[in-house]
Amino acid sequence: MKLLKPAFVHNQDKPIFSIDIHPKEPKFVTGGQGNDSGSVVIWNLEPVLSEKAEMDPKVPKILCQIDNHLSCVNAVRWSMNGQMLASGADDKLVMIWKRFSGTGANFGSIGMTKNIENWKCTSTLRGHNGDILDLAWSPQDRWLASCSIDNSIIIWDAQSFPTIVATLKGHTGLVKGVTWDPVGKFLATQSDDRSVKIWKTSDWTIQTTITEPFEECGGTTHILRLSWSPDGQYLVSAHAMNGGGPTAQIIERDGWKCDKDFVGHRKAVTCVRFHNSILKRQSQKTNKTQQYCCLAIGSRDRCLSVWMTALQRPLLVIRDLFEDSILDLSWSSDGYILLACSGDGTVACLQFNEDQLGKPLSQDDKNSLYQRMYGKDATVDLSSQAEKEMIIENAELLNTAQDKPRGPPSLIPTFTKDTLPIPKPVPIPSVQKEANESMQSMESSSTTLGSTSTPVKPILKQVETRRADGKRRITPMFIPLTDTNTSSTMELASSSQPRSQVIIEKNSEVITEVKTSGLSTLPTTTSTSVTEPLKLDTRLAFRDTPQKAHGSLASMSLMSPAVAPITPKTAIPIVRMNSGKATPLTGSQCVKSIGDYRIQVINDSYKTAFGNLSRVACMNINQQQQMDDRRIWEITVGSAISSFSVCTKYVLVGSMDGSVRFINIKNGRLVMPVLNQASPILLTGFSPNSSLGGALTERAQLCVWNVDNMKVHMRSSCVDILNGNGYVNMFYVTDFGVPFISTSAGSAYSYSPDLQSWIIVNASDSLTRCGLHGSITNIKNMKAYPVATVQYLSHSFQQKSKNPVDASDDAWEAHTKISFAEHQVQLCESVNSPVELKHWYSVLGYYLATYGSEKKVRQVLDELLGPIYSLQSDADFRSKHKILNIEKHELLREVLASFHSSTKWQRIYCEYMDQLNEMEAVKCENIKIDET
């Protein structure tokens with residue numbers, strides 16, 4: 001054992017009333033009296049333990065000094081997860097501190113210091129009418145308890161500061177100490193009224209009051225810090241008396257017996273602190289493993305003693321350690337460092353080793369011990385513990401106590417190993433196959449995207465199909481159209497190229513062999529089979545980030561399930577309307593396929609006296625004919641083509657002169673007159689059902705047409721939403737005519753014709769980022785999950801925050817989750833996404849059951865329940881009581897599903913379920929009457 005008294009840790013001869021070691025990092029905090037205010041100082045633990053670090057000027061000794069309290073600080077305590085610090089003082093306030101990025105300077109009681117760490121007060125808790133003497137965080141940081149000379153204890157909701165859970169009144173004297181039962185069932189307090197009270201956490205009533213060991217005590221100590229053993233079996237109090245001598249009283253959990261104590265101190269015991277872990281070691285006599293607890297005791301006699309429950313004598317006694325009373329103790333998280341502070345303004349450090357104290361029990365062993373002793377896990381959740389103490393009033397809810405707590409509902413159902421379905425092979429449409437190979441080809445190419453000098457390489461592939469009867473057929477490959485007026489883009493494979501490889505992919509009907517050379521090639525249309533449960537609709541239009549040299553943009557790409565998530569490059573701001581710059585299509589961007597059709601664009605194919613002409617050609621790739629005979633149609637365009645899209649019915653061609661053409665994919669005839677927009681076409685796209693087509697211009701004008709009916713569906717400007725948001729890099733339109741756009745800054749929007757406004761789908765504001773944090777789902781299925789897909793794709797373009805994420809369950813997080821879930825519900829309703837609407841109502845129900853108040857819960861449930869009389873008597877009203885053709889009562893059941901497993905909400909759950917079942921019964925009776 002080593003004893004250290006660091007000279008640099010002091011409070012200028014003023015008392016240090018409290019000390020606490022951080023649970024995860026090498027630092028500790030002290031609280032005491034400052035010059036004109038209370039003093040809270042966060043110290044670096046490394047210089048205390050290492051002389052080399054103490055002498056190194058580069059190693060800071062003080063990390064942060066805080067002087068916000070107006071008077072003496074009596075208690076400082078880290079939260080269990082180390083993310084929060086609580087301080088209580090004579091100014092009747094409890095302050096909650098959190099660390100933020102950055103540094104600063106502070107002039108405090110120990111001089112001018114530079115704060116290495118930046119800790120700020122996030123909550124100020126007001127409720128006491130007197131000095132606050134002690135603080136204690138509950139297991140799992142669910143609550144914070146504070147005690148005061150106003151004879152009361154306040155329980156604060158750590159998830160929703162400054163909410164008060166309960167105010168405990170029962171002591172008739174100053175309350176000077178508070179501690180939590182590690183099992184989560186009780187809270188213990190000690191007071192100058194010569195009593196220790198045990199409070200139940202289920203209803204905050206008194207379980208028992210212990211007075212006998214304290215009847216001879218006088219109010220001679222500033223604090224009475226009691227402590228509970230880590231196994232929950234023993235509570236050791238401060239300042240008890242036995243036969244006229246001071247003791248530390250042992251109170252057993254079993255029957256609250258008080259027949260044992262720790263003796264030896266000559267003056268009143270001021271503080272007790274148990275080791276954080278249950279310890280074990282081999283017994284020298286029996287050679288069996290002993291399990292025990294260890295604690296330190298401080299007294300007014302300036303003496304420190306260390307005890308073990310397995311020994312009848314103290315392990316260690318240090319006399320005259322300080323010049324004044326010992327006021328607080330703290331063990332490190334590893335259990336081998338003990339810090340003590342005194343009224344003389346100094347600190348002492350004791351270093352132990354495993355041979356002296358023993359080895360801490362592992363978490364698994366601790367869990368087994370808790371299961372054996374209390375029937376529960378060591379990682380206690382006090383909120384669920386309190387619910388278990390409640391009386392279950394409905395027989396249907398008897399099994400909810402055994403239910404495991406579930407997390408938020410998942411948009412895509414998760415399956416266990418036993419229930420995992422075996423997906424059937426789903427053929428990838430040829431256009432998706434093209435996108436996969438096209439993306440791979442572009443990634444492997446060393447040529448910069450968007451470069452106009454990229455040659456079109458030949459396709460040196462052939463597909464050999466072997467049928468189930470053994471017959472084989474070789475499909476001739478498509479050679480891309482080339483410009484006869486320009487140099488040839490065909491390249492022959494040199495002898496140094498690797499030999500062709502044969503890849504055999506099995507299907508239920510055929511086996512396909514793909515022979516390919518080593519050259520990077522354009523995509524081919526080859527049928528294959530994969531087992532993908534989700535498919536991204538291939539009618540998404542994406543635009544990559546511009547090049548640094550030219551500021552040009554790569555043209556439209558098609559995404560497929562096999563393509564990895566988009567990783568944006570460093571974007572160069574585009575000044576022109578913040579929309580992006582349209583450029584003529586080049587290279588692999590000029591070829592797209594769907595079904596049996598392959599569409600190819602050749603810009604500036606003909607050079608005439610009147611100007612250059614571009615071509616659009618369509619070929620049937622499955623016909624067994626010569627190349628020229630497989631061409632179905634070909635048209636010319638009088639301007640370079642900057643974007644085009646294909647669907648099962650039409651081809652949409654957008655040009656640099658702003659013209660838009662809708663072409664019948666079967667015969668090449670124009671479906672409607674050539675349309676003109678005010679600027680070059682940037683992006684184009686079709687709806688999945690091929691009825692709607694849209695185009696976005698370089699000047700951020702969006703127009704969607706109903707091609708079947710030859711009418712405009714919607715038209716709007718994107719200039720306002722693009723102001724400061726970069727440029728548009730994605731455009732999509734649903735079967736319902738709902739457009740989605742995404743920007744290079746990571747924002748995404750949808751347009752509502754009814755509201756005549758753009759709706760936020762994803763943005764960089766704090767609410768959206770906090771709401772999406774942890775809930776972003778890797779989904780690429782625009783048809784079934786448009787909101788989730790757009791949010792996922794656009795989120796990948798957002799700049800990652802440099803500030804650390806605060807993962808604590810604070811009040812702002814609870815409110816944010818509920819607010820964000822309500823936003824998602826409204827968003828899904830606006831874009832007509834019923835599957836996602838149902839999901840987000842389930843998520844809203846989960847957040848309400850976890851964080852919501854009864855008032856908020858009833859508002860949501862009443863809206864979905866509806867007026868009982870109207871629903872029972874009016875058939876027309878019942879038919880309109882829906883959202884996106886989903887009955888509101890079905891959504892109500894989704895919300896109530898989260899309340900079923902919470903005993904806290906049992907009355908509300910039963911109340912609304914009874915009304916719902918009654919209304920359903922009346923509805924069935926009315927239907928029978930109508931039928932008769």
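Structure: see above.
Everything numeric here is computed off the predicted structure, so don't read it as measured data. (Residues numbered from 1 in each chain as written. Predicted model: local features only at pLDDT ≥ 70, side-chain atom pairs only at ≥ 80, totals over all residues. Heavy atoms only, no water.)

1. Some words on the overall build of the protein chain
No. 1: Counting secondary structure elements, the protein chain contains 16 helices and 59 strands.
No. 2: Across the protein chain, the fraction of contacts at a sequence separation of at least 24, relative to all contacts at a separation of at least 6, is 57%.
No. 3: Total accessible area computed for the protein chain in this model is approximately 42,400 Å², and 49% of it derives from carbon and sulfur atoms. (Helix = DSSP H or I, 4+ residues; strand = E, 2+ residues; numbered from the N terminus. Contact = heavy atoms within 4.5 Å. Areas by Shrake-Rupley, 256 points an atom, 1.4 Å probe, with all protein chains shown as cover.)

2. Examining the pairing of strand β16 (residues 175–180)
No. 1: Most of β16 sits out of view: six of its six residues are buried.
No. 2: Both β16 and strand β17 (residues 186–191) contribute to a ladder of five bridges, which runs antiparallel. The residue bridging Gly177 from the neighbouring strand is Gln190, located in β17.
No. 3: Counted along the chain from β16 to the antiparallel partner β17, the turn is five residues long, and its residue Gly184 has a positive phi close to 95°. (Buried < 20%, exposed > 50% of the residue type's maximum accessible area, 1.4 Å probe, protein only. Pairing = 2+ DSSP bridges.)

3. Some words on the pattern of salt bridges
No. 1: Applying the stated rule across the entire model yields 24 salt bridges.
No. 2: The shortest N-O distance in the salt bridge between Lys27 and Glu25 comes to 2.9 Å.
No. 3: Under the relative-accessibility criterion, Lys27 is labelled buried at 2%. (Salt bridge = Lys/Arg side-chain N within 4 Å of Asp/Glu carboxyl O.)

4. A word on the nonpolar core
No. 1: Grouped together as the largest cluster of nonpolar side chains are 49 residues, with contacts concentrated most on Phe740, Tyr841, Leu861, Leu896 and Phe899.
No. 2: Those elements giving two or more residues to this core turn out to be β54 (728–733), β57 (757–762), α9 (786–795), α10 (811–830), α11 (834–851), α12 (854–865), α15 (888–900) and α16 (906–931).
No. 3: Top element by residues in this core is α11. It accounts for nine residues.
No. 4: When sequence neighbours within four positions are dropped, the list of residues in contact with Phe899 reads Gly845, Leu848, Ala849, Val857, Trp905 and Tyr909.
No. 5: With 22 residues, the next largest nonpolar core counts Tyr292, Leu304, Met308 and Phe352 among its residues. (Core = buried A, V, L, I, M, F, W, Y, C linked by side-chain atoms within 4.5 Å.)

5. Regarding the packing of α12 against α15
No. 1: For the pair α12 and α15, interaxial distance at closest approach is 8 Å and the crossing angle is 150°. Comparing their axes, α15 and α12 come out roughly antiparallel. In this structure, α12 contributes Val857, Leu861, Glu863, Leu864 and Leu865 to the contact, and α15 contributes Lys888, His889, Leu891, Leu892, Val895, Leu896 and Phe899. (Axes fitted to C-alpha atoms, helices over the stretch in contact; angles between N-to-C directions. Parallel < 35°, antiparallel > 145°, perpendicular 65-115°, else oblique.)

6. A word on the sheet that holds strand β18 (residues 195–200)
Paired through their backbone hydrogen bonds, the strands of a sheet run either parallel or antiparallel.
No. 1: Read from one edge of the open sheet, four strands run β16-β17-β18-β19, paired in antiparallel fashion. Whereas interior strands pair on both sides, the edge strands pair on one side only; in this sheet they are β16 and β19 (206–210). The mean angle between the axes of side-by-side strands here comes to 20°, regardless of whether they run parallel or antiparallel.
No. 2: Looking at chain direction, β18 and β19 are connected through four bridges and run antiparallel. The residue bridging Trp199 from the neighbouring strand is Ile206, located in β19.

7. Observations regarding the packing of aromatic side chains
No. 1: Throughout the structure, instances matching the rule amount to 19 aromatic pairs.
No. 2: Both rings, one in Trp331 and one in Phe352, keep their centres 6.0 Å apart while their planes meet at 35°; by these two values the pair is tilted. You can see Trp331 sitting in strand β31 (residues 326–331) and its partner Phe352 sitting in the loop between β33 (347–351) and α3 (354–357), a full 21 residues away along the chain.
No. 3: The buried category is assigned to Phe352, whose relative accessible area is 10%.
No. 4: One aromatic cluster in this structure is built from Tyr650, Phe662, Phe686 and Trp705.
No. 5: The ring of Phe8 has Lys61 sitting right over it, with the charged end atom 5.7 Å from the ring centre.
No. 6: Positioned over the ring face of Phe100 is Lys120, at 5.7 Å from the centre of the ring. (Phe/Tyr/Trp six-rings, centres within 6.5 Å; stacked < 30°, edge-to-face > 60°. Lys NZ or Arg CZ within 6 Å of the ring centre and 35° of its normal.)

8. Side note on the sheet that holds strand β7 (residues 84–89)
No. 1: On the basis of which strands lie adjacent, the open sheet formed by four strands has the order β6-β7-β8-β11 and antiparallel pairing. One side of each edge strand has no neighbouring strand; the edge strands of this open sheet are β6 (73–78) and β11 (118–126). Ignoring strand direction, the axes of neighbouring strands in this sheet form an average angle of 25°.
No. 2: Inspection of the sheet shows β6 paired to β7 by five bridges, in the antiparallel sense. Within β7, the residue paired with Arg77 across the bridge is Ala86.

9. Here we look at the packing of α11 against α15
No. 1: At a closest axis distance of 7 Å, the pairing of α11 and α15 adopts a crossing angle of 35°. Both α11 and α15 take part in a crossing whose hand is right-handed. Facing Leu837, Lys838, Tyr841, Ser842, Gly845, Tyr846, Leu848 and Ala849 of α11, the residues of α15 in contact are Glu890, Leu891, Glu894, Val895, Ser898 and Phe899.
No. 2: Each residue belonging to the contact of α11 with α15 can be placed in one class, and the counts come to eight nonpolar, three polar and three charged. (Left-handed = near helix turned anticlockwise from the far one by under 90°. Nonpolar A, V, L, I, M, F, W, Y, C, P; charged D, E, K, R; others polar.)

10. Brief notes about unusual backbone geometry
No. 1: A cis amide bond links Phe161 with the next residue in sequence, Pro162, at an omega value of 5°.
No. 2: Examined against the element boundaries, Pro162 turns out to sit in the loop between β14 (152–157) and β15 (164–169).
No. 3: Positive phi outside glycine occurs at Gln12, with the angle close to 55°.
No. 4: Mapped onto the elements of the fold, Gln12 is located in the loop between β1 (2–4) and β2 (16–21).
No. 5: Among the residues examined, Gln12 registers a relative accessible area of 36% and is labelled partly exposed.
No. 6: At Ala700, a position not held by glycine, the phi torsion is positive, near 65°.
No. 7: As for its position among the elements, Ala700 is in the loop between β51 (692–697) and β52 (701–706).

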